[in-house]
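# Residue-level structural notes
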Amino acid sequence: MARTIMHIDLDAFFVSVEQALNPELRGKPVVVGGRPDRRGVVASASYQARGFGLHAGMPLTTAYRLCPQAIFIEGSFHRYRDVSQRFMTILADFSPYLEPVSLDEAYLDVTGFESIYGSIHQMAVAIKQRIKNELGLCASIGIASCKVVAKVASELSKPDGLLEVARGNERSFLVPLPVAKLPGIGKKTERMLDGLGINTIGELSIMPLTALKSHFGASGELLHRSASGIDDRKVEPPTAAKSISRETTFGKDTRDHSLLKATLRYLGERVGSDLRQRGKQARCVTLKLRYADFTTITRSHTLSQSSDTDQTIFDTGTKLLKGELTQEKQPVRLIGIGVSNLAEPDRQLEMLDTSAQRLEQLNRTIDRIRKKYGFTAIQTGRTLPLKEIFPETDEGYTLQTPSLSR
Ligand code: TTP
Ligand code: MG
């Protein structure tokens, strides 16, 4: 059946949330990511800042060199998460067929909705208007017969854009665009394609499938279909997360075991409380470390029995950390911990094991107190060294990268 799909993406999301709150920031080069003398990268740059060459992923120090007059903001992930929820609620008012993709991006299946709004174009105008009125933000919207073309269209229309690709024009719309505009084509693929003399999506679409497969393996076919404007993926409701993780970069590389363990404990508690809030248990715990030279490793351990307690997550993480730090390694730049293989709790097993039951009870009590009085209202001895280093809020410690710290 012929479908109509919208792709909606907010413009310069983190920055625009800050500008909506503080009128003094409007119309100026603004960067969210951190102070320019700190380590880290640009998370979001205002369109004025982009005029100076700034973009997401650029080291803050480079951003400062290119545009010292920019206003650098640390930001707050909680703020962006709250606005994101309100954004998704607005979209859900327009169509129940909603697929959130990230905090500021979603697909909406609007097939047949023209009868309500006059046209799909008018429906998109109404969506943009509500987002502007209620959140003070600009959204860019692409409309097409499939996801990939809708996404390319919204991106191309930015900022504050609205672009509709008429049915039947998918191919001719894509043909002249550079390959980098196609979702899924990163820097590496772009370079490989450039080496093959392929620069536009049109050139990519007429490359023989066998050649694409020999260069890109299984994803060759997907590339061919996307480049031809063929995409039958449905707009689907969000699936439950397959893993939960938290990580942080230190202000200075460190070998300090007590700081590493304190941070691991804190991040593990954040993972644990998220896991319990979702009513899940995990079978696998993963430690992530990035060393001073940016070498990044992950080490995983599968538990004999799934668990949702902070103690198990931390104990397993600590064992993995010990195993890693025995060899003389470089100082650590980033530490993270995550859980995966998520499943519903196995109640029967728990009934047999009273010590596991007691731990679980303890965790639930801590969760309740934290919900009422803030995350740092209860602290385990292990995390106390963090008190000296990081500012506290009701949401927890403000780590090195507040715009990304959940
Ligand atoms: P994007 O939609 O990719 O970027 P944007 O909204 O800032 O700008 P655009 O107008 O081009 O859509 O990402 C949404 C938010 O996600 C962004 O505001 C900040 C965050 N983000 C990061 O934290 N790191 C990143 O590398 C990117 C790309 C985004
Ligand atoms: Mg965006």
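Please refer to the structure placed before this passage.
## A word on the site of ligand 1
Among the 14 residues in the neighbourhood of ligand 1, the closest are listed as Ala-12, Phe-13, Ser-44, Tyr-47 and Arg-50. One of the backbone N or O atoms of Leu-10 is found 3.2 Å from an oxygen atom in ligand 1. Between ligand 1 and Lys-158 there is a distance of 3.0 Å, counted from an oxygen atom to a side-chain nitrogen or oxygen. For ligand 1, the accessible surface in isolation is 560 Å², of which the surrounding protein chains cover 68%. For the shell around ligand 1, the class distribution of residues is 8 nonpolar, 1 polar and 5 charged.

## Topic: the coordination of the magnesium ion (ligand 2)
Only Asp-9 (OD), Leu-10 (O) and Asp-104 (OD) from the protein coordinate the magnesium ion (ligand 2), and they sit 2.1 to 2.2 Å from it. Coordination at the magnesium ion (ligand 2) is octahedral, judged from the 6 donor atoms that bind it and the angles of 77 to 178 degrees they form at the metal. Of note, the magnesium ion (ligand 2) draws all its donor residues from one chain, in the sequence arrangement D-L-x93-D. In this pair, Leu-10 sits in strand 1 (residues 5–10) while Asp-104 sits in the loop between strand 5 (98–102) and strand 6 (105–109), placing the two residues 94 residues apart along the sequence. By relative accessible area, Leu-10 is classed as buried at 1%.

## Points about the packing of aromatic side chains
Under the criterion given, the structure shown has 7 aromatic pairs. Ring centres of Phe-14 and Tyr-80 lie 4.1 Å apart, and the angle between their planes is 15 degrees; on these two criteria the pair is classed as stacked. Residue Phe-14 is located in helix 1 (residues 13–21), and its partner Tyr-80 is located in helix 4 (residues 77–94); the two are separated by 66 residues in the primary sequence. The buried category is assigned to Tyr-80, whose relative accessible area is 0%. With 5.1 Å between their ring centres and 70 degrees between their planes, Tyr-266 and Tyr-397 make a pair best called edge-to-face. One end of the pair, Tyr-266, is in helix 13 (residues 257–277); the other, Tyr-397, is in strand 14 (residues 396–397), with 131 residues separating them in the sequence.

## Comments concerning the layout of surface pockets
Empty space within the largest pocket amounts to approximately 1000 Å³. Around the largest pocket, the lining comprises 32 residues; the ones closest to its centre are Arg-81, Arg-246, Ser-273, Asp-274 and Gln-277. Listed by contribution, the elements that provide at least two residues to the lining of the largest pocket are helix 4, strand 5, strand 9 (243–254), helix 13 and helix 16 (354–373). Partitioning the lining of the largest pocket into residue classes produces 9 nonpolar, 9 polar and 14 charged.

## Comments concerning helix 1
Note on helix geometry: an α-helix contains 3.6 residues per turn, so any two residues three or four positions apart are oriented the same way. Buried residues dominate helix 1, accounting for 7 of its 9 residues. Listed as buried for helix 1 are Phe-13, Phe-14, Val-15, Ser-16, Val-17, Glu-18 and Gln-19.

Rules behind the numbers
Residues numbered from 1 in each chain as written. Chains lettered and ligands numbered in written order. Predicted model: local features only at pLDDT ≥ 70, side-chain atom pairs only at ≥ 80, totals over all residues. Heavy atoms only, no water. Near = heavy atom within 4 Å. Polar contact = N/O pair within 3.5 Å; in protein donor to acceptor, adjacent residues only side chain to side chain. Areas by Shrake-Rupley, 256 points an atom, 1.4 Å probe, with all protein chains shown as cover. Nonpolar A, V, L, I, M, F, W, Y, C, P; charged D, E, K, R; others polar. Donors = N, O, S within 2.8 Å, 3.2 Å for Na, K, Ca; no water. Tetrahedral: all angles 85-135°; square planar, octahedral: opposite > 155°, others 65-115°. Helix = DSSP H or I, 4+ residues; strand = E, 2+ residues; numbered from the N terminus. Buried < 20%, exposed > 50% of the residue type's maximum accessible area, 1.4 Å probe, protein only. Phe/Tyr/Trp six-rings, centres within 6.5 Å; stacked < 30°, edge-to-face > 60°. 1 Å grid on protein atoms, 1.4 Å probe; cavity = no way out; pocket = protein on both sides within 12 Å on 5 of 7 lines; lining within 4 Å. Points joined across faces, edges and corners; volume = space filled by probe spheres on them.

These figures capture arrangement, not role.
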